[in-house]
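As a plain string of letters, each chain reads:
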Amino acid sequence: MSSAQAIGHATQGDATPAIPEPVRATWETQQQLPKVAYGQGCYVFDQDGKRYIDGSGGPAVFALGHSHPEVNAAIKDQLDRIAHGYRYTFSSDPLEELTAMIAESCGGGLKHMTFCSSGSEAIESCLKIALQYHAALGKPERCRFIARERSWHGNTLGALSISGFLDRRAAFEGALAPASLISPANVYRPPEGVFPEDVAAFCARELENEILRLGADKVAAFIFEPVVGAAGGCVPAPPGYAKRVREICDRHGVLLIADEVMCGAGRTGTWRALQHDGVEPDIMAVAKGLAGGYVPLSAAIYHERLRGPMYERFGGLLTGHTFSGHTLGCAAGVAVQKIVRRDNLLEKVRENGLLLKRMLSDALGDRPYVGDIRGRGYFLCVELVKDRATKEPYPRDRMLYQKVTRQTFENGLICYPVGGNVDGKRGDIVILSPPYIATQEELVEIVEKLAKSLGQVMASVG
Ligand code: PLP
């Protein structure tokens, strides 16, 4: 029997959902935030002159750090020419150059794309491409999506409907579209009764069971994060999982969508995160690292195999926005991607990522409250637990991750603590996702500041 939950149906009664405590606490914290003044490489300075090392690139965004002179120059140069050539009026050099660069970086058949301005928009486009493709084949009833628990795909209603992040969904539950959420493939926290070594097979089987339960002819796509970001804490797919889900999708005519908004564009040491697993999706989203936070930019990329039917039946892609392919955004993307290539930053991320993981293990591995250190490249996570043997998390009302946020910030470290990774409510993780340009010395500083901050927080928590 599948353990998938069908979600998104209207809630009963008219009770307004309470604002989840972590959301309230986040708002309160935000009201006391310092004002940012400027950035330089891996450092950010506030208006009082306090210096912070950026150990998480914001939320895994700033691939080249801050105020990179070449990226700034490229953006200024583009701005002096024109900010944007609207997509129904013009193409542009940056748009065409970035399209070619992304297709080359993806390799294989992932050659076509549409640009947007956020991760959520890119996910919406991925979902719509899947639906349009099936409609083009005369199968509009293939409109159900299967996703996973402990996942995050974005804040727009479509993306939220397929996201397994309870607190972020709570206020909107009744308005969300129906979707299925199956188990996340996390070997540190396997589904109940499953051995870690069986997680890949079990979770893949769950996907097939859910497809069969819904009826394969009703399912548009399965979407997953190849390395889960904020909702799970840098959880890589166990070996063999991605290949199995690829085979299952192929067997049932279901499209495979990779959400690489956070883990893609080189963050894990390969341009596509799923490259590591030897799997090519049909559709994928990239965002954060694409233009490295200099200008909002994302892309929904799709396989050449999908293009023919959509263009023949509908004459083009039935999605897009006013700012799709924004010229300035694409110019920033080209500048960032050129530097990533020229400076061999993916190689650096692979090598230094191993070093960063080792440093984290050396500094924190023996601490009784550190349950797991995982991830790939410059996308690593420390999971905090109350009991290492049972993996029991701290109670939610301790708000541990919020305390870590405050203490690290106080100590001049920007990292990315998140709550709820265990069951949507409990669980505390700290994500490190530094800029790709971070040097070994900067990684040392990040680890030292994190180790000190965790020591302070845990001494106060007991
Ligand atoms: N998908 C993943 C994996 C993400 O991590 C995020 C944001 O954190 C999104 C989608 C949504 O991106 P955005 O916040 O840019 O809309």
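This one's a predicted model, so the numbers in the text were calculated from it and none came from an experiment.

Cut-offs used in this document
Residues numbered from 1 in each chain as written. Predicted model: local features only at pLDDT ≥ 70, side-chain atom pairs only at ≥ 80, totals over all residues. Heavy atoms only, no water. Near = heavy atom within 4 Å. Polar contact = N/O pair within 3.5 Å; in protein donor to acceptor, adjacent residues only side chain to side chain. Areas by Shrake-Rupley, 256 points an atom, 1.4 Å probe, with all protein chains shown as cover. Nonpolar A, V, L, I, M, F, W, Y, C, P; charged D, E, K, R; others polar. pLDDT = per-residue confidence, 0-100. Contact = heavy atoms within 4.5 Å. Helix = DSSP H or I, 4+ residues; strand = E, 2+ residues; numbered from the N terminus. Expected span 1.5 Å × (residues − 1). Buried < 20%, exposed > 50% of the residue type's maximum accessible area, 1.4 Å probe, protein only. Axes fitted to C-alpha atoms, helices over the stretch in contact; angles between N-to-C directions. Parallel < 35°, antiparallel > 145°, perpendicular 65-115°, else oblique. Left-handed = near helix turned anticlockwise from the far one by under 90°. Salt bridge = Lys/Arg side-chain N within 4 Å of Asp/Glu carboxyl O.

1. Regarding the site of the ligand
Surrounding the ligand, one finds Ser118, Gly119, Ser120, Trp152, His153, Gly154, Glu225, Asp259, Val261, Met262 and Lys288. A distance of 2.7 Å is found between a nitrogen atom of the ligand and a side-chain nitrogen or oxygen belonging to Asp259. Between an oxygen atom of the ligand and a side-chain N or O atom of Lys288, the distance comes to 2.9 Å. Protein chains bury 81% of the 390 Å² of accessible surface belonging to the ligand in isolation. Considering only residue class, the shell around the ligand consists of three nonpolar, five polar and three charged.

2. Regarding the confidence of the model for the protein
Confidence along the protein averages 94 in pLDDT terms, with 93% of residues attaining 70 or more. With pLDDT under 50 throughout, residues 1-15 is counted as low confidence; its partners more than four residues away or in other chains account for 35 contacts.

3. Section: helix H4 (residues 93-106)
Helix length check: H4, at 14 residues, gives a terminal C-alpha distance of 20 Å against a target of 20 Å (1.5 Å per residue), a fit within 8%. What H4 keeps buried is the set Pro94, Leu95, Leu98, Met101, Ile102, Ala103, Ser105 and Cys106. Residues of H4 that are buried sit in contact with helix H3 (69-81), strand E5 (110-116), strand E12 (283-286), strand E13 (298-303) and helix H11 (327-342). Residue Ser92 occupies the N-cap position of H4, its side-chain oxygen lying 3.2 Å from the main-chain nitrogen of Leu95.

4. Comments concerning the packing of H3 against H11
Look at H3 against H11: their axes get within 9 Å of each other, and the N-to-C directions meet at 150°. As far as their axial angle goes, H11 and H3 are roughly antiparallel. The two elements H3 and H11 cross, and the hand of that crossing is right-handed. When H3 is examined against H11, the residues Glu70, Val71, Ala74, Ile75, Gln78 and Leu79 are found in contact with a partner set consisting of Thr327, Leu328, Ala331, Ala332, Ala335, Val336, Ile339 and Arg342. Looking at the contact of H3 with H11, its residues break down into 10 nonpolar, two polar and two charged.

5. Examining the pattern of salt bridges
By the definition in use, this model includes 20 salt bridges. The shortest N-O distance in the salt bridge between Arg81 and Asp77 comes to 3.2 Å. Of this pair, Arg81 and Asp77 both sit in helix H3, four residues apart, which is roughly one turn of that helix. Judged by its relative accessible area of 61%, Arg81 falls in the exposed class. Measuring nitrogen to oxygen at the nearest pair gives 2.7 Å for the salt bridge that ties Arg189 to Glu383. Here Glu383 lies in strand E15 (residues 380-384) and Arg189 lies in the loop between strand E7 (179-182) and helix H8 (199-214), a separation of 194 residues in the sequence. With respect to burial, Arg189 and Glu383 carry one shared label: buried. Overlapping salt bridges bring together Arg189, Asp372, Arg374 and Glu383 as one network.

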